[in-house]
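Summary of structural features
Listed here are the chains, written in short residue letters.
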Amino acid sequence: MSLTETSVPAVAWKQYRFKTKIYAANLITLLAAQLLGLLLSLRGVGFSGYSTETVTYQITYISGDIIVVITLIWAFVVGYNLAGNSFKQDFVFVSNRLSSHFSNIAYLLTSAVIAGVTASLGGILLRVLVLLAYGGQNHFGLFIPPLDLAGGIFAAILYALLVSAGGYLFGMLVQLSRAFIVLVPGLLIGALYMEVKTTGQARLLLDAINFFVQESSYFLFFVKVFLAVVLGFALVIFFSQRMEVRK
Amino acid sequence: MRSLYLPVVLFILLLIVLLIAAGFKTWTGRVRLSFRRVWQVTGVYLALLLASLAVFYALAASGKAETLPVPKVPGEGGENEYDRILGDYYDALFEGRIEEYQGAELLGKWDFNYPGRRLLVRTAEERPYYGIIAVEEKAADDGRVEAKYYTVSLGGGDLFPVNPPEVKLAGEVLEIALPQRKEFMTLCFCQDFTSAQFTGKGLANIGNYHIYYGDHQVLYLKIPRGLEIDTDASTEHSVTFIER
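Residues numbered from 1 in each chain as written. Chains lettered and ligands numbered in written order. Predicted model: local features only at pLDDT ≥ 70, side-chain atom pairs only at ≥ 80, totals over all residues.

**Observations regarding the overall build of chain A**
- Regarding its fold elements, chain A presents eight helices and three strands.
- Tracing chain A from N to C terminus, the helices and strands come up as α-α-β-β-α-α-β-α-α-α-α.
- Considering only C-alpha atoms, chain A reaches an extent of 85 × 45 × 30 Å along its principal axes.
- Summarising the internal contacts of chain A: among those between residues at least 6 apart in sequence, 79% fall at separations of at least 24. (Helix = DSSP H or I, 4+ residues; strand = E, 2+ residues; numbered from the N terminus. Contact = placed C-beta atoms within 7 Å.)

**Some points on the overall build of chain B**
- Helix and strand content of chain B: four helices and 10 strands.
- Going residue by residue from the N terminus, the α and β elements of chain B occur as α-α-α-β-β-β-β-β-β-β-α-β-β-β.
- For chain B, buried positions account for 27% of its 244 residues.
- Residue pairs in contact within chain B that sit at least 24 positions apart in sequence constitute 79% of those at least 6 positions apart. (Buried ≥ 20, exposed ≤ 12 C-beta atoms within 10 Å, placed from the backbone.)

**A short note on the sheet that holds strand E3 (residues 138-140) of chain A**
- The strand order across the open sheet built from four strands is E1(A)-E2(A)-E7(B)-E3(A), with neighbouring strands paired in mixed fashion. Each end of this open sheet is capped by a strand with a single partner; those strands are strand E1 (46-51) and E3 of chain A. The average angle at which neighbouring strand axes cross in this sheet is 20 degrees, direction not considered.
- Summarising the sheet, strand E2 (residues 55-62) of chain A and strand E7 (residues 182-189) of chain B pair through eight bridges and their orientation is parallel. Considered in E7(B), the bridge of A:Thr56 is made with B:Glu183. (Pairing = 2+ DSSP bridges. Axes fitted to C-alpha atoms, helices over the stretch in contact; angles between N-to-C directions.)

**Points about the environment of A:Leu108**
- When you line up the elements, A:Leu108 lands in helix H4 (residues 97-134).
- Leave out the neighbours within four places in its chain, and A:Leu108 touches A:Gly79, A:Leu82, A:Leu161, A:Ser164, A:Ala165 and A:Tyr168.

**Re the nonpolar core**
- Counting 69 residues, the largest nonpolar core has A:Ala75, A:Ala160 and A:Leu161 as its most contacted members.
- Of all the elements, helix H5 (residues 146-176) of chain A adds the most residues to this core, at 16 residues.
- When residues no more than four places from it in sequence are discounted, the contact partners of A:Ala160 are A:Thr71, A:Leu72, A:Ala75, A:Ala112, A:Ala115 and A:Gly116.
- Counting residues in hydrophobic clusters, the runner-up holds 24 residues, among them B:Tyr129, B:Tyr150, B:Ile176 and B:Leu219. (Core = buried A, V, L, I, M, F, W, Y, C linked by C-beta atoms within 7 Å.)

**Considerations on the environment of A:Leu125**
- Turning to its location among the elements, A:Leu125 is positioned in helix H4.
- The spacing of A:Leu125 and A:Ile157 is 32 residues in sequence and 18 Å in space, taken between C-alpha atoms.

**So, the pairing of E1(A)**
Residue and element names in this part refer to chain A.
- As paired elements, E1 and E2 share six bridges and run antiparallel to each other. Residue pairing for E2: Ser 48 is matched across the bridge by Ile 59.
- The antiparallel pairing of E1 with E2 creates a hairpin that spans three residues between the two strands.

**With respect to the sheet that holds strand E3 (residues 132-137) of chain B**
All names here are of chain B.
- Spatially, five strands are ordered E1-E4-E8-E3-E10 in an open sheet, and the strand pairing comes out mixed. Each end of this open sheet is capped by a strand with a single partner; those strands are strand E1 (104-113) and strand E10 (239-242). On average, adjacent strands in this sheet sit at an angle of 20 degrees to one another, irrespective of strand direction.
- Where E3 lies against strand E8 (residues 217-223), six bridges are found, and the strand directions are parallel. Bridged to Ile 133 within E8 is Leu 219.
- Packed onto the sheet, helix H3 (residues 81-94) meets E1, E3, strand E4 (144-152), E8 and E10 and runs at close to 170 degrees relative to E4.

**Observations concerning the confidence of the model for chain B**
Residues and elements named next belong to chain B.
- Here chain B averages 79 in pLDDT, and 70% of its residues register 70 or above.
- Note that pLDDT drops below 50 for residues 72-78; the model gives that stretch nine contacts with residues more than four away or on any other chain.
- Interface scoring of the predicted complex returns ipTM 0.84; its pTM is 0.78. (pLDDT = per-residue confidence, 0-100.)

**Some details on the packing of helix H6 (residues 180-199) of chain A against helix H7 (residues 203-213) of chain A**
Residues and elements named next belong to chain A.
- Taken N-terminus to C-terminus, the directions of H6 and H7 make an angle of 115 degrees; their axes are 8 Å apart at the nearest point. Here H6 lies roughly perpendicular to H7, going by the angle between them. Here Ala 191, Leu 192, Glu 195 and Thr 199 of H6 lie close against H7, whose contacting residues are Arg 203, Leu 204 and Leu 205.
- Here the residues of the contact of H6 with H7 sort into four nonpolar, one polar and two charged. (Parallel < 35°, antiparallel > 145°, perpendicular 65-115°, else oblique. Nonpolar A, V, L, I, M, F, W, Y, C, P; charged D, E, K, R; others polar.)

**Side note on the pairing of strand E6 (residues 173-177) of chain B**
Residue and element names in this part refer to chain B.
- By the alternation rule, side chains of E6 split into Leu 174 and Ile 176, which are all buried, and Val 173, Glu 175 and Ala 177, of which none is buried.
- The sheet contact formed by strand E2 (residues 118-123) and E6 spans four bridges and is parallel. Paired with Leu 120 across the two strands is Val 173, which belongs to E6.
- Relative to E6, strand E5 (residues 166-170) runs antiparallel, the two being bridged by five bridges. Bridged to Lys 168 within E6 is Glu 175.
- Linking E5 back to E6 in an antiparallel pair, the connection comprises two residues, with Gly 171 at a positive phi of about 65 degrees.

**Some thoughts on the packing of H5(A) against H6(A)**
Residue and element names in this part refer to chain A.
- Across the interface, H5 lies against H6 with an axial gap of 8 Å and an inter-helix angle of 130 degrees. Here H5 lies oblique to H6, going by the angle between them. Contacts between H5 and H6 pair Phe 170, Leu 173, Val 174 and Leu 176 from the former with Phe 180, Ile 181 and Val 184 from the latter.
- Residues of the contact of H5 with H6, tallied by class, amount to seven nonpolar, no polar and no charged.

**What about the environment of A:His101?**
- The topology assignment puts A:His101 in helix H4.
- Linking A:His101 and A:Ile237, residues 136 residues apart in sequence, is a C-alpha distance of 7.3 Å.

**So, H3(B)**
- Taking 1.5 Å as the rise per residue, H3(B) with 14 residues should run 20 Å; its terminal C-alpha atoms sit 20 Å apart, in good agreement.
- Downstream of H3(B) by a residue or two, B:Gly96 has a phi angle that is positive, lying close to 75 degrees. (Expected span 1.5 Å × (residues − 1).)

Pasting the structure below:
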C-alpha cells in the first residue's frame with residue numbers, strides 16, 4: 001500500500017513530460033528529414049516545357065509537397081516507435097496502460113503540431129531560397145494569402161496526427177505479435193494487387209485516401225481526421241489490454 | 001497495367017518507411033543528446049523558419065506583379081476559360097475584327113508601298129512558318145501593304161514572352177524573317193497539397209496552367225485591291241483569306 005495518492009491524469013502528465021525529454025532526439029530527426037525534403041525540392045518538383053519555331057519555354061514547378069510527405073513519413077515512424085518503446089519506459093513510473101496511452105497520445109499530438117507547423121513553414125523557406133537562388137527569374141504563384149497558409153498549417157498538423165496515429169496502431173499490433181510486421185503490409189499490398197488485377201483499379205486505397213484529401217471543408221476535414229484518430233487510439237487501447245505486463 | 005504501379009509504389013514507400021524506422025530506432029537508441037542541446041538546435045531552426053516567413057512576405061509583397069496565366073478550369077461540357085478566350089480570338093480574326101479586338105496583342109507593325117500586281121509571301125531561309133497568315137483585301141487599290149503581327153492575350157505575356165519575326169519587303173517578295181529561337185524559363189510556385197485541398201485548386205495543382213503562349217500567332221496582311229498573293233513551300237499551308 002502506498003501512502004501517496006495519485007491519479008491517471010497526474011501520472012500521464014508526468015510521463016508526458018518525461019517522454020518529451022527522452023524522445024527529444026526525434027526533433028533532430030524531424031529537422032534532418034525536413035532539410036532533406038528541402039534539398040530534394042530546391043531544383044523543382046516538376047517540369048514542363050513547350051517549344052515552337054522561335055521560342056522554348058521551360059516551366060519549373062516549386063512546391064513544399066516533398067517536405068510535407070517526408071514529415072508525414074517521420075510522423076508515422078514516431079508513432080510506430082513510440083508504441084514499441086514507451087511501455088518499457090513507463091514502468092519506471094507507478095502507472096497503468098491507460099496513463100501510458102494518454103501520455104503517448106499527448107506526445108503524438110505535440111509532435112504533430114511541431115511537424116505540421118515546421119513542414120508548412122519549410123515550404124516558405126523553400127520559396128525564399130528558390131527566389132534568392134534564381135534571382136530575377138520570371139515567376140508566378142509566389143504569394144500565399146496568410147489565411148491559406150494558416151489553413152495549410154492546420155491541415156498539415158491534422159495529417160501528421162492521423163499518420164502518427166496510424167503508425168502507433170501499427171506499432172501496437174506489432175507489439176501484440178511480430179507477425180503483423182509482415183502481415184499488415186502483405187495484406188494491404190496483396191489486397192491492392194488482387195483488386196487491380198480483377199477490377200483494373202485500386203479503388204479501395206484511392207477511396208480511403210480521397211476520403212481525406214478531397215475534403216475541401218476545414219470543418220469536415222477536422223471531423224474526419226478526429227474520428228479516424230479516435231478510432232485508431234480506441235483500437236490501440238483495446239488491443240493493448242490483451243498484452244502481457246511486460247515483454 | 002498502369003494501375004499496377006500504385007501497389008508497387010506503395011510497396012517501395014513501405015520499404016523506405018521500414019528502413020527509416022530501423023535506422024531511426026538504432027540512431028535514437030544509441031545517440032544521447034542533451035535536452036538543452038536539442039532545444040537549442042530546434043530553436044535555431046524555428047528562428048530560421050520564422051525569419052524566412054518575414055522575408056517571404058516582404059519579397060512577395062514588393063516583388064513582381066502576380067500575373068497569373070489562365071488556369072485550366074474544367075467546366076461544363078469540357079469547356080474552360082482558355083477555350084473561350086481562344087474561341088473569341090479566332091472569331092475576331094476570321095470575321096476581320098482582329099484590329100479592334102481587345103484580346104489580341106499587337107507584337108509588330110509594318111507598312112510598305114507596293115505598286116506591283118503579284119506578291120510572294122515566304123520565310124527567310126525557307127524555314128517553315130507554322131502560324132497563320134491572314135490576308136484581307138482592302139476596298140481600294142491604295143498601293144500599300146500593311147502587316148501586323150498578333151498573338152492572343154492570355155495575361156501571361158510577361159511570363160511567357162513571344163519572340164516575333166521581322167517582316168521585310170524585298171522586290172516582289174514579302175519575307176518573314178523568323179528570329180533565332182529564344183529560351184525562357186519560368187518558375188511556377190504551387191501551394192502545398194495541404195492548403196491546395198481547401199482553396200479549390202485541386203490536390204495536384206501542379207501543371208494546371210497553360211503555357212502555350214508561343215502558339216496562336218497571326219501575321220495579318222491588308223493588301224491593295226486586286227493584288228495576287230503567291231506562296232512557296234514555307235508558307236503554302238499558312239495563308240487564309242479573310243472575307244469581311
